[in-house]
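Summary of structural features
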Amino acid sequence: MSSYQSGTTTLHLILAWGLVGIPLAWGVIETLTNALKLFH
Amino acid sequence: MSLGVIYFVFMMIGSAIVRIPQEGWAPAGYVAPLQARKLITDQHVHVYQAVRTPQFWLIWWVLCLNVTAGIGVLGQASPMIQEVFTGHITPVAAAGFVGLMSLFNMGGRFFWASMSDLLGRKTTYAVFFLLGIGLYSLVPLAGSIGSVALFILCFLVIISMYGGSFATVPAYLKDMFGTQYVGAIHGMLLTAWAAAGIFGPVLVNYIRQYQVEHGVPKAEAYNATMYIMAGLLVIGFLCNIAVKAVDQRYHMKQGEAGAAGLA
């Protein structure tokens, strides 16, 4: 395994995951809310 | 317009921050398998050699047939569930079904790609095909007995495998052809997706239309399509079974790999 150290900081990770995760979570919640109508 | 702007922003951010890992990099704690596996090469195949191998075209058909089956129902999901269960499923509920399918499409990408690390790519595709054949064959039964739950369950699993097929194929290609040209090989393989984008909806729409014009009730008009999809998956299964390790004559030589940027 390489001893290569990346320059990625925790802040970078939070920003990167947030950029993807927050819109994704919003989309999933919206979709699930709409999908519930299928079972009414 | 709005979606275009959103795609543009995300694409630009992605292209600006993505980096190729240094040669030999591995995640912390990663332990390479001790035993070499027959269908995972440690060699590299040039993109122009890859397209000359039977493996490329077998995997092309594997992806095309799997996606044809999935994309056909994905595009018709809303009218299909409303027609099969006329009077029971409203357009709003059908939209909910489509939304649920999109979640399983997404979740299937994580689930099946992760499963393929455990099962192996070839076995994972075999599962897609065998399970798919069973589920497509069950759909007409779900319609005839009026089981909305069984109908939904069948399509959610089918669509999870549609997503899983996309997510697993880059790793399948990497196992077959190595990492050096896997991006370009994957790009070429995606022509299978383009072809499936024509075959799938055309099959579902035209066969349904033909059935309706010949007096088949709308609720049963998709039955023949489902059996045809199951038949396509049988062919896909056979293509997948035929995939063997790439012959070493296609492998890049040490000097070629170095010249192409490999250490």
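So, how was this worked out
Residues numbered from 1 in each chain as written. Chains lettered and ligands numbered in written order. Predicted model: local features only at pLDDT ≥ 70, side-chain atom pairs only at ≥ 80, totals over all residues. Helix = DSSP H or I, 4+ residues; strand = E, 2+ residues; numbered from the N terminus. Buried ≥ 20, exposed ≤ 12 C-beta atoms within 10 Å, placed from the backbone. Contact = placed C-beta atoms within 7 Å. Core = buried A, V, L, I, M, F, W, Y, C linked by C-beta atoms within 7 Å. Axes fitted to C-alpha atoms, helices over the stretch in contact; angles between N-to-C directions. Parallel < 35°, antiparallel > 145°, perpendicular 65-115°, else oblique. Left-handed = near helix turned anticlockwise from the far one by under 90°. Nonpolar A, V, L, I, M, F, W, Y, C, P; charged D, E, K, R; others polar. Expected span 1.5 Å × (residues − 1). Bend = angle between axes of the 7 residues up to and from the residue. pLDDT = per-residue confidence, 0-100.

Focus on the overall build of chain A
The helix and strand tally for chain A stands at one helix and zero strands. Within chain A, buried positions represent 5% of all 40 residues.

Section: the overall build of chain B
Per the secondary structure count, chain B includes ten helices and zero strands. Written out in order from the N terminus, the α and β elements of chain B read α-α-α-α-α-α-α-α-α-α. Its C-alpha atoms give chain B principal-axis dimensions of about 65 × 40 × 35 Å. A separation threshold of at least 6 residues defines the contact pool for chain B, and within that pool the share at least 24 residues apart is 81%.

Looking at the nonpolar core
For soluble globular proteins, the rule of thumb is that nonpolar side chains tend to be buried together. Residue and element names in this part refer to chain B. Of all hydrophobic cores here, the largest spans 70 residues; its most connected members are Ile59, Leu63, Phe97, Phe155, Leu173, Phe177 and Leu233. Elements with a contribution of two residues or more to this core: helix H3 (54–84), helix H4 (91–119), helix H5 (121–144), helix H6 (148–177), helix H7 (182–189), helix H8 (191–213) and helix H9 (223–241). Excluding its chain neighbours within four sequence positions, the residues that come into contact with Ile59 are Val169, Tyr172, Leu173, Leu189 and Val243.

Looking at the environment of Ile207 of chain B
All names here are of chain B. Along the chain, the position of Ile207 falls in helix H8. Look at Ile207 and you get buried, because 20 C-beta atoms sit within 10 Å. In the structure, Ile207 is positioned 185 residues away from Gln22 in sequence and 51 Å away in space, judged by C-alpha atoms. Excluding residues within four positions of it along the chain, Ile207 makes contact with Ala224, Thr225 and Ile228.

Observations regarding the packing of helix H1 (residues 10–35) of chain A against H4 of chain B
Running from N to C, H1 of chain A and H4 of chain B point in directions that differ by 140°, and their axes come no closer than 7 Å. Relative to H4 of chain B, H1 of chain A is oriented oblique. The two elements H1 of chain A and H4 of chain B meet at a crossing, and its hand is left-handed. Across the interface between the two elements, Val28, Thr31, Asn34 and Ala35 of chain A of H1 of chain A pack against Ala95, Gly96, Gly99, Leu100, Ser102 and Leu103 of chain B of H4 of chain B. A class-by-class count of the residues in the contact of H1 of chain A with H4 of chain B yields five nonpolar, five polar and no charged.

Describing H5 of chain B
All names here are of chain B. When the terminal C-alpha atoms of H5 are compared, their 35 Å separation across 24 residues agrees well with the 34 Å that a helix rising 1.5 Å per residue should span. The principal kink in H5, of about 25°, is found at Leu138, preceding the proline Pro140 by one to four residues. Among all positions in H5, only Arg121, Thr124, Tyr125, Phe128, Phe129, Gly132, Ile133, Leu135, Tyr136, Val139, Ala142 and Gly143 are buried. Elements that come into contact with the buried residues of H5 comprise H3, H4, H6 and H9. With its phi angle positive at about 75°, Gly146 sits one or two positions after the end of H5.

Thoughts on the interface of chain B and chain A
Interface size is commonly expressed as the accessible area that is lost once the parts come together. Of the residues lining the interface, 15 residues belong to chain B; the matching set on chain A comes to eleven residues. When residues in the side of chain B that touches chain A are grouped by element, the largest group, nine residues, is from H4 of chain B. Among the residues making up the side of chain B that touches chain A, the classes are represented as ten nonpolar, five polar and no charged.

Points about H6 of chain B
All names here are of chain B. Here H6 spans 43 Å end to end across 30 residues, near enough to the 44 Å set by a 1.5 Å rise per residue. Residue Thr168 marks the point of greatest curvature in H6, where the axis turns by about 35°; the proline Pro170 follows within four residues. Positive backbone phi, approximately 80°, marks Gly178, located one or two places after H6.

So, the confidence of the model for chain B
Residues and elements named next belong to chain B. Scored by pLDDT, chain B has a mean of 90; 97% of the residues are at 70 or more. Looking at the elements of chain B, mean pLDDT is at its lowest for helix H10 (residues 254–259), recorded as 63, and at its highest for H5, recorded as 96. Two summary scores accompany this predicted model of the complex, namely pTM at 0.86 and ipTM at 0.71.

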